[in-house]
Amino acid sequence: MAAPLRLISRLAVVTGGGSGIGRAVCQRFAAEGASVVVADISEGSANQTLESLPQGHRGQEHMALGVDVSSKDSVEKLVTSIQCRYFQPPSVCVSAAGITLDEFLLKMEEKDFDRVIQVNLKGTYLLTQAVSKALVASGSTKGSIITVGSIVGKVGNIGQVNYSASKAGVEGLTRTAAKELSSRFGIRCNCVLPGFITTPMTDKVPEKVLSKVTSMIPLGRMGEPSEVADVCAFLASDDSRYITGVSIEVAGGLFIG
Ligand code: NAP
């Protein structure tokens, strides 16, 4: 079935756009008519995503840029480069860049705790702030910020004390941003909470663990990146115009209730 065209004339930036969920979000947004800025720490993989994007809708123009979301300087350069190219800030922003550095609490190194917080939580803060500031300065009255948390931020996960803390933080950040930005500036902020999705990130998880997790998923399988992208497209579009400050689980029913 062809994607609806809900994002014509929208400019979107997607971090982590070079892989997995971020790549699927770029592809879905482009299919719905948006101009997409694919941003990733690896410019090579961002360019690969760029090459895969459908074009041809009115005014559609995509680009790929390198960014390290954990660096304020790098994130500010990203937003400035976008404004130089398109003469406007992105009105849709998806923070999908993320990493894992798993270890049990008793063995976790401080540097691995800090790095995961820096990329997953601080990176989301830096991009959300930079894009929101640019939107407010431009006088725009409409925006959609989408953050990517995790089901693990709600329920915890053995070996992921750093990751689960970062993702719980992303949800709190999103709800607070929604309270500050929605009525004053028309910027809606929502979070998607993927469960276990087939991407390079979960490729690292041992098969034994994945089959145990899969047996606990009511829908009986892991999710696809495109299934998270579908929800992001809904949140980016006017179909979700009365929704802000929420977290939507895309987890096949894992940990229901
Ligand atoms: P992925 O395939 O590993 O994609 C993450 C992308 O982010 C990679 O291209 C990665 O580049 C990039 N990245 C890493 N550090 C970065 C940085 N400092 N600045 C900019 N980009 C950076 O993982 P994914 O599964 O699609 O995950 C996407 C998001 O969904 C993450 O936030 C993740 O935590 C979240 N999530 C995933 C799942 C799941 O089951 N897959 C579940 C819940 C939540 P490199 O590959 O070069 O490091």
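The notes below deal with the structure included here. Given the structure is predicted, the values throughout are model-derived calculations rather than measurements. (Residues numbered from 1 in each chain as written. Predicted model: local features only at pLDDT ≥ 70, side-chain atom pairs only at ≥ 80, totals over all residues. Heavy atoms only, no water.)

Quick notes on the environment of Leu 106
Which entries qualify depends on this criterion: Note on conventions: DSSP H or I runs of at least 4 residues are helices, E runs of at least 2 residues are strands, and numbering of each starts at the N terminus. Type-normalised accessible area, obtained with a 1.4 Å probe on protein chains alone, sets the label of each residue: buried when under 20%, exposed when over 50%, and partly exposed for intermediate values.
Turning to its location among the elements, Leu 106 is positioned in the loop between strand E4 (92–95) and helix H4 (110–138). Residue class for Leu 106 comes out exposed when judged on its relative accessible area of 85%.

Things to note about helix H2 (residues 43–52)
To keep it simple, the criterion reads: The directions considered for the arc run from the helix axis to the C-beta atoms. In what follows, a contact means two residues having at least one pair of non-hydrogen atoms within 4.5 Å.
Buried within H2 we find Ser 45, Ala 46 and Thr 49. The buried residues of H2 all sit within an arc of 105° when viewed along its axis, so they share a single face. Exposed positions of H2 whose direction lies more than 90 degrees from the buried face are Glu 43, Gln 48 and Glu 51. Tucked into the core, H2 has its buried residues touching helix H1 (20–31), strand E2 (35–40) and strand E3 (63–66).

Describing the pairing of E3
Rules: Strands qualify as paired when DSSP identifies two bridges or more between them. Handedness is read with the strands pointing away from the viewer; a crossover is right-handed when the path from the first strand over the helix to the second is clockwise.
Bridging between E2 and E3 involves four bridges; their strand directions are parallel. Note that in E3 the partner of Val 37 across the bridge is Met 63. Handedness of the E2-H2-E3 crossover: right-handed.

Some remarks on the site of the ligand
The condition is simple: Any residue with a non-hydrogen atom lying within 4 Å of a molecule or strand is treated as near it. Within 3.5 Å is the distance limit for a polar contact, defined as a pair of N or O atoms, with the added protein rule that one can donate a hydrogen and the other accept it, and that residues adjacent in sequence qualify only through two side-chain atoms. All accessible areas in this document rest on Shrake-Rupley with a 1.4 Å probe, and a residue is counted as covered only by the protein chains that are shown. Throughout, the ten residues Ala, Val, Leu, Ile, Met, Phe, Trp, Tyr, Cys and Pro are labelled nonpolar, Asp, Glu, Lys and Arg are labelled charged, and all others, Gly among them, are labelled polar.
Not every one of the 28 residues close to the ligand is listed here, only the nearest: Ser 19, Ile 21, Asp 40, Tyr 163 and Thr 199. Here an oxygen atom of the ligand sits 2.7 Å away from a polar atom, N or O, in the main chain of Ile 21. One nitrogen or oxygen atom from the side chain of Lys 167 is found 2.8 Å from an oxygen atom belonging to the ligand. Protein burial of the ligand: of its 880 Å² of free accessible surface, 87% is covered by the chains. The element best represented in the shell around the ligand is helix H7 (residues 200–203), accounting for three residues. Residue composition of the shell around the ligand, grouped by class: 15 nonpolar, nine polar and four charged.

Focus on the state of the cysteines
For clarity, the cut-off: Disulfides are defined as cysteine sulfur pairs within 2.5 Å.
This model, assessed by the stated rule, comprises zero disulfides. Cys 232 provides the cysteine sulfur closest to Cys 191, a residue in no disulfide bond, and the two sulfurs are 9.6 Å apart.

As for the layout of surface pockets
As a reminder of what qualifies: Of the two site types, the cavity is a set of points on a 1 Å grid over the protein atoms alone where a 1.4 Å probe fits but cannot get out, and the pocket is an open set with protein on both sides within 12 Å along at least five of seven lines, each lined by residues with an atom within 4 Å of a point. Grid points are joined across faces, edges and corners, and a volume is the space filled by probe spheres set on the points.
A volume near 220 Å³ is recorded for the second largest pocket. Tyr 125, Thr 128, Gln 129, Ser 132, Lys 133, Leu 173, Thr 176, Ala 177, Glu 180, Leu 181, Arg 184 and Phe 185 are the residues that line the second largest pocket. Put simply, the parts of the chain that give the lining of the second largest pocket at least two residues each are H4 and helix H6 (161–185). Among the elements that take part in the lining of the second largest pocket, H6 stands out by supplying seven residues, more than any other. Split by residue class, the lining of the second largest pocket holds five nonpolar, four polar and three charged.

Thoughts on the packing of aromatic side chains
Aromatic rings in a pair are described by how distant their centres are and how their planes are angled relative to each other. The criterion, for reference: Here the aromatic set is Phe, Tyr and Trp, taking the six-membered ring for Trp, and pairing holds for ring centres within 6.5 Å; pairs whose planes are under 30 degrees apart are stacked, those over 60 apart are edge-to-face, and all others are tilted. To sit over a ring, a charge needs its Lys NZ or Arg CZ within 6 Å of the ring centre and within 35 degrees of the ring normal.
By the definition in use, this model includes zero aromatic pairs. Over the aromatic face of Tyr 86 sits the side chain of Arg 85, whose NZ or CZ is 5.7 Å from the ring centroid.

Quick word on a nonpolar patch on the surface
Heads up, the condition is: Residues enter patches when they are more than 30% accessible in relative terms and free of salt bridges; like-charged ones are connected within 9 Å and nonpolar ones (Val, Leu, Ile, Met, Phe, Trp, Tyr) within 5 Å. We define a salt bridge as a side-chain nitrogen of Lys or Arg found within 4 Å of a carboxyl oxygen belonging to Asp or Glu.
Nonpolar side chains collect at one region of the surface, where Val 155, Met 216 and Phe 255 lie side by side and expose about 260 Å² of accessible area between them. Take Val 155: it is sitting in helix H5 (residues 152–155). Judged by its relative accessible area of 42%, Val 155 is partly exposed.

Some words on the side chain of Thr 202
As for its position among the elements, Thr 202 is in helix H7. Relative accessible area serves as the criterion here: at 11%, Thr 202 is assigned to the buried category. A polar atom in the side chain of Thr 202 sits 2.5 Å from the backbone oxygen of Ile 197. Every residue in contact with Thr 202, bar those within four places of it in the chain, is listed here: Phe 196, Ile 197, Leu 210 and Met 222.

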